[in-house]
Amino acid sequence: MTTQKTTPNLLKRKADRIDELSESGGNSLAVDAMKRMSRSPVAITGAVITVLFVLLAILSPFLAPKNPYIPYDELRNTLRPDSIPGPMPGFLLGSDQNGYDFFSRLLVGSQQTLIVGVAATLIGVLLGMIIGGFAGAFGGWVDTLLMRFTDILLAIPSLLLAISIAALFLHGTQWTVIIAVAVVSVPVFARLLRGAMLAQRASDHVLAATALGVRRRTIVFRHMLPNSLGPVIVQATLTLATSIIDAAALSFLGLGDSDPSRAEWGLMLGKSQSFLDVKPELAFYPAIAIIVVALGFTLLGESLREALDPKNRR
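Described in the following lines is the structure provided in the data block. (Residues numbered from 1 in each chain as written. Predicted model: local features only at pLDDT ≥ 70, side-chain atom pairs only at ≥ 80, totals over all residues. Heavy atoms only, no water.)

1. Concerning the side chain of Thr-113
To be explicit about the condition: Working definition: helices are DSSP H or I runs of at least four residues, strands are E runs of at least two. Numbering for both runs from the N terminus. Identification of polar contacts relies on pairs of N or O atoms within 3.5 Å, with a donor-acceptor requirement for protein atoms, meaning one able to donate a hydrogen and the other able to accept it, and with residues adjacent in sequence counted only if both atoms are side-chain atoms.
As for its placement among the helices and strands, Thr-113 is situated in helix H5 (residues 102-138). In this structure the side chain of Thr-113 is engaged in a polar contact, spanning 2.9 Å, whose partner is the backbone oxygen of Gly-109.

Dropping the structure here:
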């Protein structure tokens, strides 16, 4: 009896849902995903953290109360081997180990961290899409050759690969970190786009276009590639968090720009290790900032991935 009662109720709910969609004209997957994300506490938390971080990075030069690139005499005069001044009038968080305004450097460091993370992710996406696009579009020996190359990159732990690439440069710069982190993400995007494009090759609209004699280039750029970008965009959001962490790790290890005047969270974290027993805040604040920002991008990316998954659409 229970099964007999449940089945009509289930069918009725499905019929009501179909009627609702038919009356409203239906929602696209993107619109439906945005509605689900707007009701998700995880997505809202990630979006708030991400938006605040981006706004802070953009406005940090104007929000910084002091010049973060010059030492101040009132701070340097109070520096001692066993003492670094803390909060004092005019300096919210006091000094760092070189006499710079620590609070201003934290604010401006967000901009450098965002630049490195976004640049590394964009380069990784571009190179990965080129490799994955060629592999998915042509198949055959082209696919085999490119995928064996990505397999080699995937076989090496990501951080170890980034360290190896950064170590090849004689003098570390900000671009050293960007290139090293970008190369690490290339095989991920290449594999992802290649798989999506292979799935598109077997779809009805691609087979119909091929049967009608449409040129391969038109099929790839008009039918296969646009419908394969969704997973890449979601992965880019998740990779941005990883890129920020990897870039901070390289700067921490001294493989990036070693200029002590540069305000960047990973570099600030690395330079503060010798002063943990004097002023641990020099390491705590940059570390917490990196963790919170990476968490924000991760929460947003995971929520976006779940919202765009057709299996979750009800």
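2. So, the packing of helix H7 (residues 158-167) against helix H11 (residues 229-252)
Inclusion rule: To get an axis, fit a line to the C-alpha atoms, keeping to the stretch in contact for a helix; angles then go from 0 to 180 degrees between the N-to-C directions. An angle below 35 degrees is treated as roughly parallel, one above 145 as roughly antiparallel, one from 65 to 115 as roughly perpendicular, and anything else as oblique. By the definition used in this description, the sense in which the near helix is turned from the far one sets the handedness, with an anticlockwise turn below a right angle giving left-handed and a clockwise turn giving right-handed. Note on contacts: a residue pair is in contact if any heavy atoms of the two residues lie within 4.5 Å. For this classification, Asp, Glu, Lys and Arg are treated as charged, while Ala, Val, Leu, Ile, Met, Phe, Trp, Tyr, Cys and Pro are nonpolar and the rest, including Gly, are polar.
Where H7 meets H11, the closest approach of the two axes is 11 Å, and the angle between their N-to-C directions is 50°. The angle between the axes of H7 and H11 places the two elements in the oblique class. Classified by chirality, the crossing of H11 by H7 is right-handed. Residues Leu-159, Ala-162, Ile-163 and Ala-166 of H7 pack against Asp-246, Ala-249 and Leu-250 of H11. Of the residues that constitute the contact of H7 with H11, the class distribution is six nonpolar, no polar and one charged.

3. A short note on the packing of aromatic side chains
Here is the rule: Aromatic rings from Phe, Tyr and Trp, taking only the six-membered ring of Trp, are treated as a pair when their centres fall within 6.5 Å; an angle between ring planes under 30 degrees marks them as stacked, one over 60 as edge-to-face, and anything in between as tilted. Burial classes follow relative accessibility: with a 1.4 Å probe on protein chains only, a residue under 20% of its type's maximum area counts as buried, one over 50% as exposed, and anything between as partly exposed.
Applying the stated criterion to the full structure yields five aromatic pairs. Seen from their ring centres, Phe-134 and Phe-138 are 5.7 Å apart, and the 10° between their planes marks the pair as stacked. Here the residue Phe-134 and the residue Phe-138 both occupy positions in helix H5, the gap between them amounting to four residues, near one helical turn. By relative accessible area, Phe-134 is classed as partly exposed at 43%.

4. A short note on the pattern of salt bridges
Selection criterion: We define a salt bridge as a contact between a side-chain nitrogen of Lys or Arg and a carboxyl oxygen of Asp or Glu at a distance within 4 Å.
Applying the stated criterion across every chain, the model contains six salt bridges. For the salt bridge of Asp-73 with Arg-76, the shortest nitrogen-to-oxygen distance reads 3.3 Å. Taken as a pair, Asp-73 and Arg-76 lie in helix H4 (residues 73-76) at a separation of three residues, close to a single helical turn. Classification of Asp-73 as partly exposed rests on a relative accessible area of 45%. Note that Arg-105 and Asp-96 form a salt bridge whose closest N and O atoms lie 3.5 Å from each other.

5. Focus: H11
Note the cut-off: What a helix should span is 1.5 Å times the count of its residues minus one. Fitting axes to the seven residues ending at a residue and to the seven starting there, one defines the bend at that residue as the angle between these axes.
The terminal C-alpha atoms of H11 lie 34 Å apart, and with 24 residues this matches the ideal 34 Å at 1.5 Å per residue to within 8%. Along H11, the helix axis deviates most sharply at Leu-238, where the bend reaches about 25°. Looking one or two places after H11, you find Gly-254, whose phi comes out positive at around 80°.

6. Some remarks on the nonpolar core
Inclusion rule: Within this scheme, the nonpolar core is defined by two criteria: the residues are buried Ala, Val, Leu, Ile, Met, Phe, Trp, Tyr or Cys, and they are joined through side-chain atoms within 4.5 Å.
In this structure, Phe-53, Phe-102, Leu-106, Ile-244, Trp-265, Val-293 and Phe-297 are the most contacted members of the largest nonpolar core, which totals 19 residues. At the level of secondary structure, the elements contributing two or more residues to this core comprise helix H3 (41-63), H5, H11, helix H12 (265-271) and helix H13 (281-308). Beyond its immediate stretch of four places on either side in the chain, Trp-265 contacts Phe-53, Leu-106, Gly-109, Ser-110, Thr-113, Pro-286, Ala-289, Ile-290 and Val-293. Grouped together as the second largest cluster of nonpolar side chains are 16 residues, Ala-120, Leu-153, Leu-161 and Ala-247 included.

7. Some thoughts on empty space enclosed by the protein
What counts, and what does not: In the cavity and pocket records, a cavity denotes points on a 1 Å grid over the protein atoms alone where a 1.4 Å probe fits but cannot get out, a pocket denotes an open set with protein on both sides within 12 Å along at least 5 of 7 lines, and lining residues are residues with an atom within 4 Å of a point. Grid points are joined across faces, edges and corners, and a volume is the space filled by probe spheres set on the points.
According to the stated counting rule, one finds two cavities of 30 Å³ or more in the structure shown. What lines the largest cavity is simply Asp-96, Gln-97, Asn-98, Phe-102, Arg-105, Pro-260, Arg-262, Leu-267, Met-268, Lys-271, Ser-272 and Leu-282. Elements represented by at least two residues in the lining of the largest cavity include exactly H5 and H12. By residue number, the principal contributor to the lining of the largest cavity is H12, which donates three residues. Here the residues of the lining of the largest cavity are counted per class, giving five nonpolar, three polar and four charged. Computed from the structure, the second largest cavity encloses a volume of approximately 70 Å³. If you go around the second largest cavity, the residues you meet are Val-116, Gln-174, Val-177, Ala-247, Ser-251, Gly-256, Asp-257, Arg-262, Glu-264 and Leu-267. Secondary-structure elements contributing two or more residues to the lining of the second largest cavity are helix H8 (174-201) and H11. Along the lines of polarity and charge, the residues of the lining of the second largest cavity split into four nonpolar, three polar and three charged.

All quantities given are derived from atomic positions and should not be read as evidence of function.
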